[in-house]
Each structure stands twice: as C-alpha cells, then as structure tokens.
Amino acid sequence: MSSVPRLVIAAPSSGSGKTTVATGLMAAFAARGLAVSAHKVGPDYIDPGYHALATGRVGRNLDAYLCGPELVAPLFLHGASGCDLAVVEGVMGLYDGAAGEGELASTAHVAKLLRAPVVLVVDASSQSRSVAALVHGFASWDPEVRVGGVILNKVGSDRHEELLRDALDAAGVPVLGVLRRAAQVDTPSRHLGLVPVAERHSAAVEAVAAMGEQVARGCDLAALEALARGAGPVPGGSAPWTPEPMPTHRPTRLAERPGPVVAVAGGEAFTFSYAEHTELLTAAGAEVVTFDPLRDEQLPDGTAGLVIGGGFPEVYAAELSANEPLRKAVAALAERGAPVAAECAGLLYLCRELDGKPMCGVLDATARMSERLTLGYRDAVAVGDSVLAVAGTRMRGHEFHRTLVEPGAGPAPAWGVRTPVRRVEGFVQQGVHASYLHTHWASEPGVARRFVERCRTS
C-alpha cells in the first residue's frame, strides 16, 4: 500500500478561501523543494490550471461521481506517483456532494476514500467565539472524517486573532494558519467561475506566487507537512490507475501499427480537459497534437480525428469566427466522416453560428448565450452507436453552461439523460459525437480505444 503524504483542504462553504489556501500551500511546499501533486475534488477544470502553475505538474481531478468511488484512490496514486506530498482542494462545503446522493462526490467522501486528514479553511471575518462551535460541528459530524486543524481566513486584527485562537483552543482544534483580511490575493471571476490560467498567464503566475508567499507567512508549514506525513497508507491496497489497456484489448501490437494523429483543441478558448484523456488516447496508439483554434489556420498535418473539449467559445466567438480557414478545415474533416468528439464548447464551435457569428457549420444548429445556468451531474446512456460508444453504454457526465443550442432537423441524439426527467441530448452525425456533457474517460477506457480505432479505419 502507498503512503503518499497528503492533505485535503476543505471549508464550511464555497467562498471561504479554499482555492487561495490550497494553491498557496502547493506553491509554498514547492518553493521548499518538495515535489507536490495537485488534485481537485469534483469536475472543476479551472482550479487545476492554477494548481499546475503552483507545482509545475499537471493538476488532476478526483470525482467520485464521474469516475466512481473505486477509481478515486487509483487516480490519486497515478497523479501522485514520484511526489513527496499531495494537496487536494475540496469542492463547495466539506459535506456537500452530488444532489440527492448523500455524501457521494463530496470533499468528505473523497477524504474518506483517501484516508486523508482535512484542514478546514474558515472565513472568520464576521465571527469570533462562534468559530469554535462551527469547527466543532464540522469536526464531529462524521467520525470517519479527520479534521486535523483549521486555517483562519480574513482575520481582521491581532485582537481578532487572539479571540479566535482562544475559542479554538477550548474546542481542541489546532490553528495551523492565519491569513489577514487585507492581504487577500485577487483572482478575477466571470460567469462560470475563475478566469482560466490560459487567458491571463502572466497575471496568474504573479497571483500564484503571491498566494504562496501569503500562505508561507501565515501558516505553519512544518505542522501542515507533519499532518500530511501522518496520513498513513492509502486504504484498500489500491494500485495506481494506468491508461494502458489490458493485453486482451490489444488485437495487435501497437508498435507495429502507425499511430493516427488526433488533433486536440487548446488555447484560450478551449481550456477544459482532463489530463487522463490525452493519456488514454496516447496509450491507445494515437499521436496527440494540440492546436489553437484562435490562431492556427489549419489542422495539424495528417489529422485523422479531432477532439474539442470545453472552454469559453462565447468569450472568443468573434475571433473563432474570423478564423475562416480553420472553420472550413474542421467542416471538411467532419464531412469526410473522420471521428470528431466535442464537449460543451466544442459543441458550440461545431454549430452553424454562435451568438450570430458563423462557426464551423458541421451541425444544423444555432447556439446563443442565455441568462440561465445549467449545472449538475447527469446519468447518461448512449442512444445509438457512435465513434465513442456503442448503444446502451452508460456513463456519468456533468453539465455547466449558460448557453442554449437550437437544433435543426437531421442528427440523431447522443445521450439519453436523466436530470430528474428523462430527455435526449447532443448529436451523432456520421463520425461526429457532440454533446453538452463533460465526461471522464477513465471511467470507461473503451471510449478512447474505440475513438482511436475509428481514426485508423475512417
């Protein structure tokens, strides 16, 4: 069993300062010369970008809903391989999970699956002695969740800090850090959360460095590291997850077969992707090449398949539309039946238009911004065969957007979805699979293998 030192950074609610503290801890430990593995509970794509800046390693997600509880420890061990310490940033409040599913996919659930100590970040700006009751409640709610200490955020003065420490001393919960109200680091947000690193790289580098300095000044790093090192083995005897398929899934040796080029959209407009997707495509024999739809006028040479993940095409609609040569290249690739997998932002890019601006025109559909936020986990089943799955394949996904797609006639749906009402969603057309659902392919590795095989034969 692996004994990776680890901490889970949680909070009573969203907005308490988890991202600042978690990212700052990663940066502070990395500055001490430690190899730090960064993880995020839930489906969030943006926070891992900041984590990657702090650690110099790819940020990874741990989602017990999308991947199943049984994959949380293996995915953690895969990401933490070769590292000295791991920091896991929680999601929402400590005990908030998938709606109507109890503890499933909550920060507490992941902490229990990893048997990791929890550090509770508390916004103390409007309380003093009451902080002890709050922390006591969170620490005692579930005896399997070990709250190893608290970091007090937005503390106003020396006197305020003294009152908070006195209260928590009486509650028996150690204070492992204090961050002052005036020293908060600005991380700009917009309609779907923080602005991604790719859109503000220089400013993000400065912000992450400032977070690291703030946390190093205000937190007891030695005590936090000791808490992490006391975590013990990851339970269950889990082996690290691997993108490599089992030998029975290899009809011939991959080394003897040329790898098809799979182009993956990147750049500022398409920042949402899980690291494991590229790893799975590569393990299935593909040559993965990233391109930028904002700047590249052609697809990579030899492109046999296309993956367009999530992001913010609505922010860059004018620039995407202005790149007419690439839009035509994408349309031509789809027209000849090549495999194309598109999620959320990718779906919008394949439409005829987005907010009145021409897009690729692969799908007979128009897209526009909406005031309504669509958010939540989804259970999905493939309605028919596609380049990703055979009919009846079950996967779990996540929707997170403020756009609407109005379809024309023609394409078949991609998924049957239960939301709680049942509906169909997405498009399957020739080699195109386009949907609002973000899925994690580690939960169904056959998706990547099927996609790459179709790239070989289309």
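Along each chain, numbering runs from 1 in the same order as the chain's sequence is written. The predicted nature of this model means local features are confined to residues of pLDDT at least 70 and side-chain atom pairs, given and counted, to a pLDDT of 80 or more, with totals for whole chains, interfaces and linings taken over all residues. Hydrogen atoms and water are omitted, and side-chain values are computed over all heavy atoms in the structure.

Caption draft 1: Region of the structure containing the sheet that holds strand E1 (residues 6–10). Any two strands with at least two DSSP bridges between them are considered paired. Secondary structure elements follow DSSP: runs of H or I of four or more residues count as helices, runs of E of two or more count as strands, with numbering from the N terminus. What the seven strands build is an open sheet, ordered E3-E2-E4-E1-E5-E6-E7; its pairing is parallel. In this open sheet, the two strands that pair with only one neighbour each are strand E3 (60–62) and strand E7 (175–180). Recorded for the sheet is a direction-independent mean angle of 25 degrees between the axes of neighbouring strands. Contacts between residues were defined by any pair of non-hydrogen atoms, one from each residue, lying within 4.5 Å. To obtain each axis, a line is fitted to C-alpha atoms, and for helices this fit is confined to the stretch in contact; angles are then taken between N-to-C directions over 0 to 180 degrees. Of the strands in this sheet, E1, strand E2 (36–41), E3, strand E4 (85–89) and strand E5 (118–123) are in contact with helix H4 (residues 107–114), which crosses E1 at around 170 degrees.

Caption draft 2: The confidence of the model for the protein, seen in detail. What pLDDT expresses is the predictor's confidence in each residue, scored from 0 to 100. Summarising the model, the protein shows a mean pLDDT of 92, and 94% of its residues fall at 70 or more. Note on residues 251–255: pLDDT under 50 across the span, and six contacts to partners over four residues away in sequence or across chains.

Caption draft 3: Examining the packing of aromatic side chains more closely. Working definition: rings of Phe, Tyr and Trp (its six-membered ring) pair if their centres are within 6.5 Å, and the pair is stacked with planes under 30 degrees apart, edge-to-face with planes over 60 apart, and tilted otherwise. On inspection of all chains with the given rule, the structure shows seven aromatic pairs. Judged by centre distance (6.0 Å) and plane angle (25 degrees), the rings of Tyr 95 and Phe 138 are stacked. Remark: Phe 138 occurs in helix H5 (residues 130–141) and Tyr 95 occurs in the loop between E4 and H4; sequence separation between them is 43 residues. The classification of residues rests on relative accessible area computed with a 1.4 Å probe and restricted to protein chains. Under 20% of the type maximum is buried, over 50% is exposed, and intermediate values are partly exposed. With relative accessibility at 17%, the residue Phe 138 sits in the buried group. Among the aromatic residues, those joined into a ring-pair cluster are Tyr 45, Phe 272, Tyr 274 and Phe 312. Here the guanidinium or amino end of Arg 396 rests over the ring plane of Tyr 65, the centre of that ring lying 4.0 Å away. Consider the ring centre and the ring normal. A charge sits over the ring if Lys NZ or Arg CZ is within 6 Å of that centre and within 35 degrees of that normal.

Caption draft 4: Quick look at the environment of Val 432. Among the secondary structure elements, Val 432 is positioned in strand E21 (residues 432–435). For Val 432, a relative accessible area of 2% puts it in the buried group. Put simply, Val 432 and Ala 124 are 308 residues apart on the chain and 50 Å apart in space, counted from C-alpha to C-alpha. Every residue in contact with Val 432, bar those within four places of it in the chain, is listed here: Ala 334, Val 340, Leu 350, Val 362, Leu 363 and Phe 427.

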